[in-house]
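What follows is each chain in one-letter form.
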Amino acid sequence: MTTAATALDRAQGKLRLDRDDLTVRWLIVGFALFFAIALVIPLYMMVSRSFFDRNGEFIGLANYREYFDTPALFLSIQNSFTVAGISTAIVIVLAFAYAYALNRTCMRFKGFFKVIAMVPLLSPSLLKAIALVYWFGKQGILTDLLFGHSIYGPIGIVMASVFWTFPHAVLIIGTALALSDSRLYEAAEVLKTSHTRIFLTITLPGARYGIISAVIVVFILVLTDFGVPKVIGGSYNVMATDIYKEVIGQQNFEMGAVVSVILLIPAVIAFAIDRIVTRRSVALLSSRAVPYAPKPNWLVDNAMLVYCITIAVLTLAILGMAQYAALVKFWPYNLELTLDHYSFEVQGAGWENFYNSLKVAASVALIGTFVIFIGAYVVEKPRRDPVARQAIQMMALLPMAVPGLVLGLAYLMFINHPSNPLGFLYGTITIIVLSTITHFYTVTHLTAATALKQMDREFESVSASLKVPLARSFRRVTMPVCMPAIFDISIYLFLNSMTTVSAVIFLYGPGTKVASVAAIHLDDSGETAAAAAMAMLIVYACIVVRVLHVIVTGRLLYRLQAWRRR
Amino acid sequence: MTAEANPANDGFLQLEGVSKDFGGFRALTDVSFKVAEGEFICFLGPSGCGKTTLLRCIAGLETQTRGSIRMGGEDISWLPPSRRDFGIVFQSYALFPNLTVSDNIAYGLVNKGLARPEIVARVTELLDLIGLSEHVSKYPSQLSGGEQQRVALARALATSPGLLLLDEPLSALDAKVRARLRREIRAIQDRLGVTTIMVTHDQEEAQTMADRIFVMNGGRIEQLGTPDEIYDAPATPFVADFIGVMNFFPVTVVDGEAVTPGNLALTCDVGGLNPGARVNCAVRPEDILLVDDGRDGGENTIEATVSDIEFLGSFVRLYLEAPALGDGELRADVRKDLARRHEIATGRPVRVRIPPATIRLYGTGPAA
């Protein structure tokens, strides 16, 4: 320690660092290393690969020229944007109405509808697609409602996408609608403003940042989603499935890299816009605002109730159909119920996929929460090394802009590179866990950072003046105070790790295939019922863990957070 | 008390040429001073004057760009906060919300390797000191602002630091609590004899609590002195204007007198000012006297008209228009009974006198 301290003395001129400063430095170095391996180097390899040919010769933009000269591939861009655009438009309208009902009306059973809206988060996106196949597919129950159109293609992609992105939009818009100042509404009423005008001049502008943010998030989710178009896209190609086909089908990594880069561009732009919008929205509401309390309105409340019931029924219809399909012997000819589909006695699928999923999700939740919280602490709290800490923060924000499939491909190229000493990690649970933590890093980092920002800036100064080591203050004060955020992060990571497909589909090895990927493969080989069963396993696990999480954290928080009660 | 000793000889805390730049912005410029052991010092100044930055440099929470800081004979300029000997209290209290009052106070003690009974004894002692013995096991959120700030004080004092730093400790409290805590903090400081530096923007706070006040402006110390010196003999127009209320009007030095724009010659001490110098004349409102009707006011008597009256409790403040002094208004504070006797009313012509000894001349204006 002394030698390190003297070395740093020299580097810093005369400035001496204490043990805590050094600890922070080591952590910064650690995180720099982490992001280099988990993000920067793989992405760099992926991007650079798009400028080389199969033999490793640099060919500049030739791959891109080929891409834009291939009408089939070029068409995918248009297709991707079309379904993403339409889905976004539909979801935003539906979600706004739903969030409005939850936050701005006196509708009954709000608690129930809040929970129901979040149900789609407990299942992979492909489950919605599978359920739609049973409702509207060639042998579906309601196929006639499509008037001869096929569910396989844009219609199916849009419908499934609307279902799975709905909770994301409700969450974001709901947060915006929850923040409101009743004084604005009182002022408007005193001025005898009509309801329509109040809505157009106060409610809508107040939620505009939330709406913009939801538009961006949903658009990117749909644009980069892989599970839905894979299952229900039919011959309607989108960019995400193109990457998969180029890489897995044709072993054309270079073209896969080209599509990835092209997919990366709109994602990065959208993400940048989202960051700017979010930053602007911070100061929108003063701390003195009086929260808006909705007044009963028979017509609006009941209309909203009907609307929310409709959404709830549709949500449950999707989940219910997936469950039903998993239990039916041979759709649609033999509707006897059976558990046969849960034995997965087909090519390479099995219960071990589910156990792998649990292993991955638990590891991501445990390790990820730990890493991400410490990372956020390093960014937010120390005084020294502001430049290095800012760099870490930028790294933490970057994963949001990288589509899962692109990240997965980047990892594949990284880990398969002949000169990579980490090559032995190929196909291991470790690499799947690492990619998943990275994939979901940004949202959780922001949650942790927000919690840390809410703590007094001077805690660390006080601790230093009292000669208490950073590690002790971290354990004794920072962690306990941030416990609710830490629990939120862990469950977010668990649920998302269970349901994600995109990054891991390139990374599993023999014996490490996870359930969501297995479901894709089962569906691919025509075992739709088994695919539904596999997807439902994920749902059960998510429900059980979610419920356990509520109970355990409720108890723990009640005990640990006694100081919050006055 | 040690504060009365000559601080120049025994500088417990000594700063020399301390400057601090934030990027292109210079927050502190060449700050030097000595503080004697046991002194209570206030850094006083408007927001943005650098007083908090100076405090944070002494604590090591900021690092000075140039200059040196010595404490107890040791050069601490480059030491991290954890290796300096101080306790600190912030405006926001910064109490650990998840720890009880006693755990907060014991926070720094646990680390010193003290035995449990010793810690308990020390915490009890400190709780007595701040008068919160009955609140031992409460959480900060269950206490009032004033109580929280007292706990923060106890926590800072627990490890018996050589230096106590208070960063606007009373600014978040309401007026009554603030006034009481002022006296309590000062009493505790007297009892423990701990060298204390407090940052404040409230001149009344500084004047009631400090042994010496360092008035700061634009990253420099404008004047350091006892509260009396600062008030009675402000060294610069800034200090004169910032501490209390001050009238300013332009004058020209002619033949050892100050001549006003309206050609009235005021007797006063012109010091070493050159004849013909255009300077600013400063007078405190309470030094301006009303002259009885029909009596000769003598030197420095000025004709004026009352343009406005403000009632300020025990006295009234008159806003006077005096053509002899130029365009500005002259503020004069007059006891209520005197104002009544003179039948003061808006529009009434009055004569006022400025005693020569109360006039101060500055080469520059108050805005400088």
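Residues numbered from 1 in each chain as written. Chains lettered and ligands numbered in written order. Predicted model: local features only at pLDDT ≥ 70, side-chain atom pairs only at ≥ 80, totals over all residues. Heavy atoms only, no water.

Caption draft 1: Geometry of the overall build of chain A. Scanning chain A for helices and strands turns up 24 helices and two strands. Relative to the compact-globule value of 24 Å for 566 residues, chain A shows a C-alpha radius of gyration of 25 Å, a close match. Seen along its three principal axes, the alpha-carbon backbone of chain A occupies a region of about 80 × 75 × 45 Å. In chain A, which comprises 566 residues, the share counted as buried stands at 55%. Residue pairs in contact within chain A that sit at least 24 positions apart in sequence constitute 78% of those at least 6 positions apart. Taken as a whole, chain A presents about 25,700 Å² of accessible surface, with 67% of it coming from carbon and sulfur. Taking the average place of the 44 positive charges on the side chains of chain A and the average place of its 31 negative ones, the gap between the two points comes to 13 Å. (Helix = DSSP H or I, 4+ residues; strand = E, 2+ residues; numbered from the N terminus. Rg over C-alpha atoms; globule rule 2.2 N^0.38 Å. Buried < 20%, exposed > 50% of the residue type's maximum accessible area, 1.4 Å probe, protein only. Contact = heavy atoms within 4.5 Å. Areas by Shrake-Rupley, 256 points an atom, 1.4 Å probe, with all protein chains shown as cover. Lys, Arg positive; Asp, Glu negative; His and termini not counted. Charge placed at Lys NZ, Arg CZ, Asp CG, Glu CD.)

Caption draft 2: Expanded view of the side chain of A:T88. With respect to the secondary-structure elements, A:T88 resides in helix α4 (residues 71–104). Here A:T88 is in contact with A:V215, A:V218 and A:F219, once residues within four sequence places are set aside.

Caption draft 3: Looking closely at the packing of helix α15 (residues 351–380) of chain A against helix α21 (residues 470–481) of chain A. Residue and element names in this part refer to chain A. Put simply, α15 and α21 touch, their axes get as near as 13 Å, and they point 110° apart. Here α15 lies roughly perpendicular to α21, going by the angle between them. Between α15 and α21 lies a crossing whose hand is right-handed. Along the contact surface, α15 presents F373, I374 and Y377, while α21 presents L470, F474, T478 and M479. The residue inventory of the contact of α15 with α21, partitioned by class, reads six nonpolar, one polar and no charged. (Axes fitted to C-alpha atoms, helices over the stretch in contact; angles between N-to-C directions. Parallel < 35°, antiparallel > 145°, perpendicular 65-115°, else oblique. Left-handed = near helix turned anticlockwise from the far one by under 90°. Nonpolar A, V, L, I, M, F, W, Y, C, P; charged D, E, K, R; others polar.)

Caption draft 4: Representation of the sheet that holds strand β11 (residues 247–254) of chain B within the structure. Residues and elements named next belong to chain B. Pairing is antiparallel in the open sheet, where five strands are placed in the order β13-β12-β11-β14-β20. Edge strands, defined here as strands with exactly one partner in the open sheet, are β13 (265–267) and β20 (360–362). The sheet shows a mean angle of 45° between the axes of neighbouring strands, direction not considered. Direction of pairing for strand β12 (residues 257–259) relative to β13: antiparallel, over a ladder of three bridges. Following the sheet pairing, A258 is matched in β13 by L266. (Pairing = 2+ DSSP bridges.)

Caption draft 5: Geometry of the interface of chain A and chain B. With 30 residues of chain A in contact, the opposing surface of chain B contributes 33 residues. Each partner contributes to the roughly 3,000 Å² buried at the junction of chain A and chain B, and carbon and sulfur atoms together form 58% of this total. For the pair chain A and chain B, the interface holds two salt bridges. Applying the counting criterion to the chain A and chain B interface returns 10 residue pairs in polar contact (both at pLDDT 80 or more). For the side of chain A that touches chain B, the secondary-structure elements that each account for two or more residues are α20 (459–465) and α21 of chain A. Residues that form the side of chain A that touches chain B fall into these classes: 13 nonpolar, four polar and 13 charged. (Buried area = accessible area lost by both parts, 1.4 Å probe. Salt bridge = Lys/Arg side-chain N within 4 Å of Asp/Glu carboxyl O. Polar contact = N/O pair within 3.5 Å; in protein donor to acceptor, adjacent residues only side chain to side chain.)

Caption draft 6: Highlighting unusual backbone geometry. A cis amide bond, omega -10°, links A:W331 with the succeeding residue A:P332. Mapped onto the elements of the fold, A:P332 is located in the loop between β1 (328–330) and β2 (334–337). One non-glycine residue, A:F147, lies in positive phi territory at about 50°. Judged by its relative accessible area of 69%, A:F147 is exposed. At B:E343, a position not held by glycine, the phi torsion is positive, near 50°. With respect to the helices and strands, B:E343 occurs in the loop between α9 (336–341) and β19 (349–353).

Caption draft 7: Inspection of the packing of aromatic side chains at higher detail. Here the structure, examined in full by the defined rule, presents 36 aromatic pairs over all chains. Aromatic pair A:F34 and A:F35: ring centres 5.1 Å apart, planes at 75°, arrangement edge-to-face. On the accessibility criterion, A:F34 (17% relative accessible area) is buried. Given the relative accessible area of 1%, A:F35 is considered buried. Ring geometry for A:Y324 against A:W331: centres 6.2 Å apart, planes inclined by 85°, an arrangement best described as edge-to-face. Site record: aromatic cluster; members linked through ring pairs are A:Y342, A:F344, A:W351, A:F354, A:Y355 and A:Y540. Sitting over the ring of B:F96, B:R155 keeps its end group 4.8 Å from the ring centre. B:R284 extends its terminal NZ or CZ atom over the ring of B:Y231, reaching a point 4.0 Å from the ring centre. (Phe/Tyr/Trp six-rings, centres within 6.5 Å; stacked < 30°, edge-to-face > 60°. Lys NZ or Arg CZ within 6 Å of the ring centre and 35° of its normal.)

Caption draft 8: Expanded view of the confidence of the model for chain B. Averaged over all residues, the pLDDT of chain B is 90; the fraction at 70 or higher stands at 96%. Looking over chain B, one finds the lowest element-wise mean pLDDT in β12(B), namely 85, and the highest in strand β3 (residues 40–44) of chain B, namely 97. (pLDDT = per-residue confidence, 0-100.)

Caption draft 9: Region of the structure containing a nonpolar patch on the surface. Together, A:I543, A:V544, A:V547, A:L548, A:I551 and A:V552 give the surface a local cluster of nonpolar side chains, amounting to about 490 Å² of exposed area. Its location among the elements puts A:V552 in helix α24 (residues 528–560). (Patch = residues over 30% accessible without salt bridge, like charges linked within 9 Å, V, L, I, M, F, W, Y side chains within 5 Å.)

Caption draft 10: Summary view of helix α18 (residues 429–439) of chain A. α18(A) sits mainly inside the fold: eight of its 11 residues count as buried. Residues of α18(A) that are buried: A:I431, A:I432, A:V433, A:S435, A:T436, A:I437, A:T438 and A:H439.

Caption draft 11: Spotlight on the layout of surface pockets. What the second largest pocket holds in volume is close to 890 Å³. Forming the walls of the second largest pocket are 38 residues, and the residues nearest its centre are A:K381, A:P382, A:R383, A:R384 and A:R389. Among the elements of the structure, α2 (19–49), α15, α16 (386–397), α19 (441–453), α20 and α21 of chain A together with α1 (51–59) of chain B are those that each provide at least two residues to the lining of the second largest pocket. Among the residues making up the lining of the second largest pocket, the classes are represented as 13 nonpolar, eight polar and 17 charged. (1 Å grid on protein atoms, 1.4 Å probe; cavity = no way out; pocket = protein on both sides within 12 Å on 5 of 7 lines; lining within 4 Å. Points joined across faces, edges and corners; volume = space filled by probe spheres on them.)

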